[in-house]
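Close look at the chain arrangement
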Protein chains: 4
Amino acid sequence: MNRLFFASDYASGCHPEVLKRLTETNLVRSAGYGLDELSESAREKIRQACRAPEADVFFLSGGTQTNAAVIGCLLKPWQGVLSAATGHICGHEAGAIEAGGHKVLPLPHREGRLEAETVRNFLERFRADESRDHLVEPGMVYISQPTEYGTLYSLRELTELSGVCREAGIPLYADGARLAYALGCPANDVTLPDLARLCDAFYIGGTKCGALFGEAAVFPRRGTVPHFFTMIKQRGALLAKGFVAGVQFEALFTDGLYERIGRHGVAAADRIRAGLAACGCPLLLNAPTNQVFPVLSPAQEEVLRGEAEMTFWETLEDGRTVMRLAADWATRDEDVDLLLEAFRRCADLR
Amino acid sequence: MNRLFFASDYASGCHPEVLKRLTETNLVRSAGYGLDELSESAREKIRQACRAPEADVFFLSGGTQTNAAVIGCLLKPWQGVLSAATGHICGHEAGAIEAGGHKVLPLPHREGRLEAETVRNFLERFRADESRDHLVEPGMVYISQPTEYGTLYSLRELTELSGVCREAGIPLYADGARLAYALGCPANDVTLPDLARLCDAFYIGGTKCGALFGEAAVFPRRGTVPHFFTMIKQRGALLAKGFVAGVQFEALFTDGLYERIGRHGVAAADRIRAGLAACGCPLLLNAPTNQVFPVLSPAQEEVLRGEAEMTFWETLEDGRTVMRLAADWATRDEDVDLLLEAFRRCADLR
Amino acid sequence: MNRLFFASDYASGCHPEVLKRLTETNLVRSAGYGLDELSESAREKIRQACRAPEADVFFLSGGTQTNAAVIGCLLKPWQGVLSAATGHICGHEAGAIEAGGHKVLPLPHREGRLEAETVRNFLERFRADESRDHLVEPGMVYISQPTEYGTLYSLRELTELSGVCREAGIPLYADGARLAYALGCPANDVTLPDLARLCDAFYIGGTKCGALFGEAAVFPRRGTVPHFFTMIKQRGALLAKGFVAGVQFEALFTDGLYERIGRHGVAAADRIRAGLAACGCPLLLNAPTNQVFPVLSPAQEEVLRGEAEMTFWETLEDGRTVMRLAADWATRDEDVDLLLEAFRRCADLR
Amino acid sequence: MNRLFFASDYASGCHPEVLKRLTETNLVRSAGYGLDELSESAREKIRQACRAPEADVFFLSGGTQTNAAVIGCLLKPWQGVLSAATGHICGHEAGAIEAGGHKVLPLPHREGRLEAETVRNFLERFRADESRDHLVEPGMVYISQPTEYGTLYSLRELTELSGVCREAGIPLYADGARLAYALGCPANDVTLPDLARLCDAFYIGGTKCGALFGEAAVFPRRGTVPHFFTMIKQRGALLAKGFVAGVQFEALFTDGLYERIGRHGVAAADRIRAGLAACGCPLLLNAPTNQVFPVLSPAQEEVLRGEAEMTFWETLEDGRTVMRLAADWATRDEDVDLLLEAFRRCADLR
């Protein structure tokens, strides 16, 4: 693949510091299933970064799997999960939550964010409904940080959402597939300890943030989900060589690598945003993290699809196309330059 | 972990040739989900090794996941899967098949092998049962090559089993978690093309055979399972960075590495078997592949558990213990020497 | 319960002609599971009424069960079911479809009806979506006749919807929980043979239409769902005494009883609608079948809830309440009179 | 069906006293879903008969459904259910438990009974197994009273089994599909209050014991299963006209009808047993309730299948056939006479 590649943030192997650590430990003989010392060291570093010394931490291989396992284990059989209608679990996971027996209850959103007021109103209507014993009970709230639109929950927003959940006695879970690009974003004010304090579960994304694969599911309070080890085994999500994920997270949480990765990706996206603004290309919305959503005319789309790999996002009512560009730890300055040149060349195509 | 480690064959990272290939391709930008050129190259090499040019090949991250996905997709909702009672899916996958809605129908075995006659008799009894519409229909046959006891199906046995299945119109599926140790075993006469010809699905194990993780599910006849891509996405088994698995299988199927790995593990196990025989330690059974099952007196068990990591297998009626020793591509001669010394030292303990 | 009861159409036992037939056959000794002669006679009468001589007909005990069984068997594991957002399966079946592993894909509606154009557009967008292999595939269409709002599909509308489904190669299924009140409605132009011709599956409701319990699932084309007998056994929906359902449907399809039941319920509802109009009580919408949806001021609601059993439907934005009144085969003229008197007495309460 | 019918105990409608009560209440207008006064009266009578004033009681339509709902709700997702290998849930419910996601763990039995020692040993082996986190955890025990072989647990046996379960902290559940024929059996010493005291859940069978349909699931301790109402709705097992089941159980628990029904069925079976003994026909085992298992030569089988409806049970190794004869509340003396005459006529056929 020689072309400019901005279609996703999971297009390269792993960050060189991760690869170095994998290479160093490659011939160590370890116990399986994450019961080894390297995995324990990674878990301990994550607990410290989250200031959650009691946290249960598990490494799984991918995001859809992690969402399905955590949500499936937090919900009771008669419950469903509340999510912004744009949530990844709503549409883009091939029905994984439903295949596990649970309904996703979609709610209106603001630029991908679920607002506390929206959740509160839904819960109140549910409790007031005389036929509620015939309905799916809302049993937890799912959010993404950053959201699928690259936007961020502020600390105030997350605190409110957490308050609504705690008042209702239902868990709050945050999908952190791209969490590095929140933590490394200048506009962000939600830290890992904040997530650990305000959420009942969240995951720290590895696949899109510097690892070959792997996500770290964190339950800040020990014992939140009983027998989670057996449950992920049952779901085919328990890695025999758990240490391969553990070693990678150990590297990611050494010397601030995880946030450095985030900063690099966001800085690259900021350069793209600035360049697009300079050549008059509108964006779908003003998201501050590693994803950029330019709005293209049909003529621009045709030209630019030939120049760079991008992801189709949606078609607007006026016929224009929204594309998604993603930057990550591996994005090179010279590729951003070439991309912006391509945009500039067709700035006047309508 | 400084101690002698024979507890499993998934205790090290990946074979150096695999790591080299991962390192070389680490910064290549690729499409996700296995739709990249490196994965396609790996699939093509597997098709050639199997002499199955039309085969559908998918990379998944682990064995339980692969078994659950393949079996769940091959069975109809009213069907169950026939397996030797010792089959991995019967006991050691935390109920993954049942969690997917299907019954495992356990059958008697011979040293871990399911015999054609046993399957034929079961199918005949089912068809003759007047209440069969109230029963779980046997919808496929699951075997392992090598078996959980390290034994092998001969080509004759596999051919007979395949014949029974085809006559009944039900698929035959082989779990190849340790397939390298069958292919690399002098006693083996079942080749990859044989498996592709006689089975409707099988998987080529990577996790236990030289990869960091990964199994290659092979359906020799194209289109055997419709929408398998979406099904593994739904099950959380679709790797975003599919190329990380693809690159590893590309290395494993280059220059005969997969069989070399198998030969190394079997040779190490052969040395262990010879050494145990020399010091009079009995084995549970005479399996020719990379697993060895010594029978220990309580006193021997106590001593040897302090010397080496082994896996508890079962307690015999006479009170002696069966342990499981596994060798693999990374087993070193000097460690085998130290292990055999330890056994010799306690040969007379009863 | 001495009070006026208009809360549901499943509040009495069975129509006297059904009870008579149950009594006559009570001591007949029959085979179980619907394999008896009385059930076969009922199935044959249904086939004749539908002019579908090849139809597979099964008796199940309730509507949620029938929907879950039929939908679960018609969908492939990677598919979901399209439904009006007001469809009974969307909200009021406690997540039964999702518990069976499938997503309900809700679509906009017109007074409870799903329009052909809406379905066509959704299917086109799905097919054009570049990430469709990561999405739930729309695998069938669910409608209700009459709808949850008491409205009816016209023959033209149903023909169009059927055309869209057949073009797309996906089945159309009609929930006929209240089908008698469609067939017995003067405004209706969709006959049983029309349903059998245009749908791939539908059910003829018994529970709300004169039976103690029971629904007849009809697949007009033989073999539409293989092993449906075993599937309903697995779902706990196979009645050991299938003949008790069979006998009831035999009675319902003798001497036009099923349509007579419908006509009675609709006539009672028509009287209610006329009476409400006369005293100025507005309706939510103008539905022609056995359900009536008066809009009440808070003061009216308080008074009327004390006079009659009704079902809360929803709260309008202006603070008024919509209630649901249901008539059925057992609704008595004198009760309608008393109900209308009660409405008249509080006609001026605001 | 004019022939002698001994094939099952679910071949007639309902006991005349039940039918009378259904007829009397047929036009009463009641709330749905078992929330009516007649159902509450039935529940109260059952609580009194069980001396379990706090019991939760629910009416479901059939046995497979009740087993699947109760077991599915008592088990955690990582658990399976222990059962005698002959248990109804093991084989004859089309995989309903597995379709709900749980493994049935079959154990050896004695004439259909599961012994306390067998369960204790299994639980101990499980707890001692070093790989138990990869296994299905035994989460409850399922038994049938009477068993599938018509045998009975004695009070001593049930007390021991209950003790093992309570020590292990897992629930004990009894399938009472034919419970009337235990309660009405002279050899029985387990009363309803015993069941309520020793089990965590059980069901009182209606379908085979005098009702048109219906089983009463009893949880002696209130709140044993949270949201069971919603769970049975989700499983399609909530009857809209719950009162139709309620009225029947109200009749069954009035004036000792339930035990009278049991006594009648057992007395008829006793007459059959005595008659078979008199003409030298051996039985598979000596069960004291309403089922009889004669062992027939091939020649006898051929003749007798032409004379009476019976159920095929199994083929013995010596080629003889075991049939199952069932008596019930509706079995007539003259039919027993005719049946015994037929047996006598072919007593000498070998």
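See the structure above.
Residues numbered from 1 in each chain as written. Chains lettered and ligands numbered in written order. Predicted model: local features only at pLDDT ≥ 70, side-chain atom pairs only at ≥ 80, totals over all residues. Heavy atoms only, no water.

Brief notes about the overall build of chain A
Threshold: Helix and strand labels come from DSSP, where a helix needs a run of H or I of at least four residues and a strand needs a run of E of at least two; each type is numbered from the N terminus. Computation of the radius of gyration draws on C-alpha atoms alone. For the globule rule, the value is 2.2 Å times the number of residues to the power 0.38. Each residue gets one of three labels from its accessible area relative to the maximum for its type: buried under 20%, exposed over 50%, partly exposed in between, using a 1.4 Å probe on protein chains only. The contact definition used throughout considers only heavy atoms, calling two residues in contact when any of these lie within 4.5 Å. Areas reported as accessible are Shrake-Rupley estimates using a 1.4 Å probe. Residue values count occlusion only from the protein chains shown. Neither His nor the chain termini are counted; the positive set is Lys and Arg, and the negative set is Asp and Glu. Charge positions are represented by NZ for Lys, CZ for Arg, CG for Asp and CD for Glu.
In terms of regular secondary structure, chain A is built from 14 helices and 13 strands. Relative to a compact globule of 350 residues, whose C-alpha radius of gyration would be 20 Å, chain A shows 21 Å and is just as compact. Counting only C-alpha atoms and orienting by the principal axes, one finds that chain A spans roughly 60 × 60 × 35 Å. Of all 350 residues assigned to chain A, the portion counted as buried reaches 66%. For chain A, restricting intrachain contacts to residue pairs at least 6 apart in sequence, the fraction spanning at least 24 positions comes to 73%. If you sum the accessible surface of chain A, you get close to 12,300 Å²; carbon and sulfur atoms cover 51% of it. Between the averaged position of the 37 positive side-chain charges in chain A and that of its 46 negative side-chain charges there is a distance of 3 Å.

Describing the pairing of strand E3 (residues 79-84) of chain C
Residues and elements named next belong to chain C. Defined as follows: The rule for pairing is simple: two strands pair if DSSP sees at least two bridges between them.
Within E3, 6 of the 6 residues are buried, which leaves it mostly tucked inside the rest of the structure. The pairing of E3 with strand E5 (residues 137-144) spans 5 bridges and is parallel. Counted as the bridge partner of Leu82 is Val141 from E5. Bridge count for E3 against strand E4 (residues 104-107) is 4 bridges, and the pairing is parallel. Across the sheet, the residue bridging to Ser83 is Pro106, located in E4.

Quick notes on the interface of chain A and chain B
Which entries qualify depends on this criterion: Throughout, the accessible surface (probe 1.4 Å) given up by two parts as they are put together, summed over both, is called the buried area. Under this definition, polar contacts are N or O atom pairs within 3.5 Å; protein pairs additionally need one hydrogen-donor-capable and one acceptor-capable atom, and for neighbouring residues in sequence, both atoms have to be side-chain atoms.
With 45 residues of chain A at the contact, the number on the chain B side is 46 residues. Buried area between chain A and chain B, summed over both chains or domains, comes out near 4,000 Å², and the portion from carbon and sulfur atoms is 54%. Contact with chain B buries area across many residues of chain A, yet Tyr10, Arg29 and Lys241 of chain A alone supply 20% of it, more than any other trio. One can count 24 residue pairs in polar contact (both at pLDDT 80 or more) joining chain A with chain B.

Comments concerning the relation of the copies chain A and chain B
Counted only if it meets this: Least-squares superposition aligns the copies on the C-alpha atoms of those residues with pLDDT at or above 70 in both.
Superposing chain A onto chain B takes a rotation of 180 degrees combined with a translation of 0.0 Å along the rotation axis, leaving an RMSD of 0.0 Å. Such values leave the two copies arranged in the relation of a two-fold axis. The share of interface residues of chain A whose copies in chain B are also at the interface is 100%, consistent with both copies meeting through the same surface.

Brief notes about the interface of chain A and chain C
For the record, the criterion: Every case where a carboxyl oxygen of Asp or Glu lies within 4 Å of a side-chain nitrogen of Lys or Arg is listed as a salt bridge.
Residue-level contacts link 19 residues of chain A with 19 residues of chain C. Contact between chain A and chain C buries roughly 1,500 Å² in total, counting both sides, with carbon and sulfur atoms accounting for 49%. Put simply, chain A and chain C have 4 salt bridges between them. In this structure, the salt-bridge partner of Arg305 of chain A is Glu130 of chain C, at a minimum N-O distance of 3.1 Å.

Focus: the sheet that holds strand E5 (residues 137-144) of chain D
Backbone-to-backbone hydrogen bonds pair the strands of a sheet. The strands run either parallel or antiparallel. Residues and elements named next belong to chain D. In plain terms, the rule: Fitted lines through C-alpha atoms serve as axes, helices being fitted only where they are in contact, and the angles separating the N-to-C directions of these axes extend from 0 to 180 degrees.
Taken in spatial order, the 7 strands make up an open sheet running E2-E8-E7-E6-E5-E3-E4, and their pairing is mixed. One side of each edge strand has no neighbouring strand; the edge strands of this open sheet are strand E2 (56-60) and strand E4 (104-107). In this sheet, adjacent strand axes meet at a mean angle of 25 degrees when their direction is disregarded. Bridge count between E5 and strand E6 (residues 172-176): 4 bridges; the pairing is parallel. Opposite Ile143, over in E6, you have Ala174 as the bridge partner. The strands touched by helix H7 (residues 155-168) are E5 and E6; relative to E6, the strand with the most contacts, the crossing angle is about 140 degrees.

Considering the side chain of His134 of chain B
Its place among the elements puts His134 of chain B in the loop between helix H6 (116-128) and strand E5 (137-144). A polar side-chain atom of His134 of chain B sits 3.5 Å from a polar atom in the side chain of Lys233 of chain C. If we ignore the near neighbours within four places in the chain, the residues touching His134 of chain B are Tyr33, Phe229, Lys233 and Leu238 of chain C together with Gly91, His92, Glu93 and Ala94 of chain D.

Some points on the pattern of salt bridges
Tallying each qualifying case throughout the model produces 124 salt bridges over all chains. Linking Arg47 of chain C and Glu44 of chain C is a salt bridge whose minimum nitrogen-to-oxygen distance equals 2.8 Å. Taken as a pair, Arg47 of chain C and Glu44 of chain C lie in helix H2 (residues 37-49) at a separation of 3 residues, close to a single helical turn. In this structure, a network of salt bridges that share partners links the residues Lys20, Arg21, Glu24, Lys45 and Glu250 of chain A.

Quick word on the sheet that holds strand E8 (residues 215-219) of chain C
All names here are of chain C. Read from one edge of the open sheet, 7 strands run E2-E8-E7-E6-E5-E3-E4, paired in mixed fashion. This sheet does not close on itself; its edge strands, each paired only once, are strand E2 (56-60) and E4. Direction aside, neighbouring strands of the sheet carry axes that sit 25 degrees apart on average. Across the sheet, H2 is in contact with E2, strand E7 (201-205) and E8; its angle to E2 comes to roughly 125 degrees.

With respect to the relation of the copies chain A and chain C
Note on the identical chains: chain A maps onto chain C by a rotation of 180 degrees and an axial translation of 0.0 Å, with an RMSD of 0.0 Å. Most of the interface of chain A is mirrored in chain C, where 100% of its interface residues are also at the interface.

Brief notes about the packing of helix H1 (residues 16-24) of chain B against helix H11 (residues 242-252) of chain B
Packed helices, taken two at a time, are described by the angle between their axes plus the distance between the axes. Residues and elements named next belong to chain B. Selection criterion: Convention used here: angles under 35 degrees read as roughly parallel, angles over 145 as roughly antiparallel, angles from 65 to 115 as roughly perpendicular, and any remaining angle as oblique. Left-handed describes a crossing whose near helix is turned anticlockwise from the far helix through less than a right angle; right-handed describes the clockwise counterpart.
At a minimum axis separation of 9 Å, H1 and H11 run at an interaxial angle of 135 degrees. Classified by the interaxial angle, the pair formed by H1 and H11 is oblique. In the packing of H1 onto H11, the handedness of the crossing is right-handed. Residue-level inspection shows Glu17, Val18, Arg21 and Leu22 of H1 in contact with H11, the latter providing Val244, Val247, Gln248, Glu250, Ala251 and Leu252.

Thoughts on helix H13 (residues 298-307) of chain C
All names here are of chain C. Using the following cut-off: Here, the arc refers to the directions that run from the helix axis to the C-beta atoms.
Of all the residues in H13, the buried ones are Gln300, Glu301 and Leu304. Buried residues of H13, viewed axially, fall in a sector of 100 degrees; they line one side. Exposed side of H13, more than 90 degrees from the buried face: Pro298, Glu302 and Gly306 are the residues found there. Looking at the buried positions of H13, the neighbouring elements they touch are strand E10 (295-296), strand E11 (308-309), strand E13 (321-326) and helix H14 (333-345).

Things to note about the packing of aromatic side chains
The following threshold applies: A pair of Phe, Tyr and Trp rings is counted when the ring centres sit within 6.5 Å of each other, with Trp represented by its six-membered ring. The angle between the planes then sorts it: under 30 degrees is stacked, over 60 is edge-to-face, the rest tilted.
Summed over the entire model, instances satisfying the criterion amount to 42 aromatic pairs over all chains. Ring geometry for Phe219 of chain C and Phe228 of chain C: centres 5.0 Å apart, planes at 75 degrees, overall edge-to-face. The same class applies to Phe219 of chain C as to Phe228 of chain C, namely buried. By the ring-pair criterion, three or more aromatic residues cluster together here, those being Phe58, Phe219 and Phe228 of chain A.

Quick word on helix H3 (residues 63-74) of chain D
Owing to its 3.6 residues per turn, the α-helix brings residues three or four apart onto one side. All names here are of chain D. What counts, and what does not: Each residue after the first adds 1.5 Å to the expected span of a helix.
Compared with an ideal rise of 1.5 Å per residue, which puts 12 residues at 16 Å, H3 spans 16 Å between its outermost C-alpha atoms and is within 8% of the ideal. In terms of burial, H3 is a largely internal element, 12 of the 12 residues being buried. Restricting attention to buried positions, one finds in H3 the residues Gly63, Thr64, Gln65, Thr66, Asn67, Ala68, Ala69, Val70, Ile71, Gly72, Cys73 and Leu74.

A look at unusual backbone geometry
Residue and element names in this part refer to chain A. Residues Gln145 and Pro146 are joined by a peptide bond in cis, for which omega reads -10 degrees. On the secondary structure map, Pro146 appears in the loop between strand E5 (137-144) and helix H7 (155-168). A positive phi angle, close to 55 degrees, is found at Asp255, a residue other than glycine. Position of Asp255 relative to the elements: it lies in the loop between helix H11 (242-252) and helix H12 (257-278).

A short note on the side chain of His102 of chain A
By the element assignment, His102 of chain A lies in the loop between helix H5 (96-99) and strand E4 (104-107). For His102 of chain A, a relative accessible area of 6% gives the class buried. Within polar-contact distance, the side chain of His102 of chain A engages the backbone oxygen of Gln79 of chain A at 2.9 Å. Ignoring any residue separated from it by four or fewer positions in sequence, one finds His102 of chain A in contact with Gly72, Leu75, Lys76, Pro77, Gln79 and Ile97 of chain A together with Glu98 of chain C.

As for the environment of Glu307 of chain B
Residues and elements named next belong to chain B. Structurally, the position occupied by Glu307 is in helix H13 (residues 298-307). For the pair Glu307 and Ala342, spaced 35 residues apart in sequence, the C-alpha to C-alpha distance is 7.0 Å. Each residue touching Glu307, except ones within four places of it in the same chain, is listed here: Arg3, Leu4, Ala342 and Arg345.

Re the environment of Ala269 of chain C
All names here are of chain C. Secondary-structure assignment places Ala269 in helix H12 (residues 257-278). Placed 176 residues apart in sequence, Ala269 and Glu93 show a C-alpha to C-alpha distance of 26 Å. Non-local contacts of Ala269, meaning those with residues more than four positions away in its chain, are made with Thr289, Asn290, Val292 and Ala327.

Points about the state of the cysteines
Quick reminder of the rule: Cysteine sulfur atoms that pair up within 2.5 Å are treated as a disulfide.
Per the stated rule, a full pass over the model turns up 0 disulfides over all chains. There is no disulfide at Cys90 of chain D, and the cysteine sulfur nearest it, in Cys90 of chain B, is 14 Å away. Of the residues examined, Cys90 of chain D reaches a relative accessible area of 14% and is grouped as buried.

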